[in-house]
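Coordinate inspection notes
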Amino acid sequence: GWALMHVGALAEALETLRQAVPITELTGATMDGARANAILALAQRENDQLPQARAHSLSALTLCTQVGDPWSVATALTSALVLLAESDDPEQAWILYGMLRQDALCSASRWFADAVDGPLAAARAHLSDEQVDAALVQGSKLDPQSTARALAEELAQ
């Protein structure tokens, strides 16, 4: 699904990911389910399906906290970051970015950069330099697993 999104085949990416999510549910593959939901959320965002994107991002956050797999957590938090960057909470997106850029998987990942660069640039336009700097510092002190759990609880309300 991510590869299809990367080459601009959004309709095919959506179809692939929509099939992947229920398969992971049937098989009980929670790590794969977290990742599939997170990437589906990104694909839905690209296709202006924001309510569905938010729902799948929340599913990804919920699932990743059940398994604690670092890449599942990072993928779920990335989908949340992208959605927050384009919502009314761009500062929270920068806080998540401050946390995730400390992670070796994210800092070396082209996937991560491709996913967040555009949304963060848009969010940056709504914040002062001081707000961005403070958000990055705050994020650098956070634990990804705890943050994913707290964010899932917040978004579920």
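Here is a short report on the structure shown in this document. Small disclaimer: the values here were computed from a predicted structure and weren't measured.

Parameters and conventions
Residues numbered from 1 in each chain as written. Predicted model: local features only at pLDDT ≥ 70, side-chain atom pairs only at ≥ 80, totals over all residues. Heavy atoms only, no water. Phe/Tyr/Trp six-rings, centres within 6.5 Å; stacked < 30°, edge-to-face > 60°. Helix = DSSP H or I, 4+ residues; strand = E, 2+ residues; numbered from the N terminus. Salt bridge = Lys/Arg side-chain N within 4 Å of Asp/Glu carboxyl O. Buried < 20%, exposed > 50% of the residue type's maximum accessible area, 1.4 Å probe, protein only. Polar contact = N/O pair within 3.5 Å; in protein donor to acceptor, adjacent residues only side chain to side chain. Contact = heavy atoms within 4.5 Å. Core = buried A, V, L, I, M, F, W, Y, C linked by side-chain atoms within 4.5 Å. Expected span 1.5 Å × (residues − 1). 1 Å grid on protein atoms, 1.4 Å probe; cavity = no way out; pocket = protein on both sides within 12 Å on 5 of 7 lines; lining within 4 Å. Points joined across faces, edges and corners; volume = space filled by probe spheres on them. Nonpolar A, V, L, I, M, F, W, Y, C, P; charged D, E, K, R; others polar.

Thoughts on the packing of aromatic side chains
Counted according to the given criterion, the structure contains four aromatic pairs. Ring geometry for W2 versus W111: centroids 5.2 Å apart, planes at 65°, classification edge-to-face. Note that W2 is positioned in helix 1 (residues 2-6) and W111 in helix 8 (residues 110-124), a separation of 109 residues in sequence. Through a chain of ring-to-ring contacts, the aromatic side chains of W2, W71 and W111 assemble into a single cluster.

Thoughts on unusual backbone geometry
At D48, a position not held by glycine, the phi torsion is positive, near 55°. Mapped onto the fold, D48 is located in the loop between helix 3 (30-46) and helix 4 (50-67).

As for the pattern of salt bridges
Under the counting rule described, the total for this entry stands at five salt bridges. The partner of D69 in a salt bridge is R35, with the nearest N and O atoms 2.6 Å apart. Of this pair, D69 sits in the loop between helix 4 and helix 5 (70-85) while R35 is found in helix 3, placing the two residues 34 residues apart along the sequence. Residues E46 and R45 are paired through a salt bridge, measuring 2.5 Å at the closest nitrogen-oxygen approach. Look at E46 and you get partly exposed, because its relative accessible area is 40%. The class for R45 is buried, based on a relative accessible area of 14%. Each of the salt bridges in this network shares a partner with another, and the network as a whole consists of R45, E46 and E86.

Regarding the side chain of S72
Within the secondary structure, S72 is located in helix 5. The class of S72 is buried, set by a relative accessible area of 0%. At 3.4 Å, the side chain of S72 and the backbone oxygen of M31 are in polar contact. Residues contacting S72, with those up to four places away along its chain left out, are M31, A34, R35 and C64.

Quick look at the nonpolar core
If you look at the biggest cluster of nonpolar residues, it comprises 44 residues, and the most contacted ones within it are L61, L77, L81, W94, L96 and L100. Looking at this core, the elements with two or more residues in it are helix 2 (10-27), helix 3, helix 4, helix 5, helix 6 (90-100), helix 8, helix 9 (129-140) and helix 10 (144-156). Discounting chain neighbours no more than four positions away, the residues touching L77 are L61, L96, M99, L100, P144, T147, A148 and L151.

Some details on helix 4
A rise of 1.5 Å per residue sets the reference length of helix 4, with its 18 residues, at 26 Å; its end C-alpha atoms lie 26 Å apart and thus fit the reference within 8%. Residues of helix 4 that are buried: A53, H56, S57, A60, L61, C64 and T65. Where helix 4 is buried, its residues meet helix 3, helix 5 and helix 10. Downstream of helix 4 by one or two residues, G68 has phi in the positive range, about 70°.

Observations concerning the layout of surface pockets
By volume, the largest pocket amounts to about 240 Å³. Every residue lining the largest pocket is listed: R54, A55, S57, L58, A80, L83, L84, S87, D88, D89, E154 and L155. At the level of elements, helix 4, helix 5 and helix 10 are the ones that each hand at least two residues to the lining of the largest pocket. Examining the composition of the lining of the largest pocket, we find that four residues originate from one element, helix 4, more than from any other. Residue classes in the lining of the largest pocket are distributed as six nonpolar, two polar and four charged.

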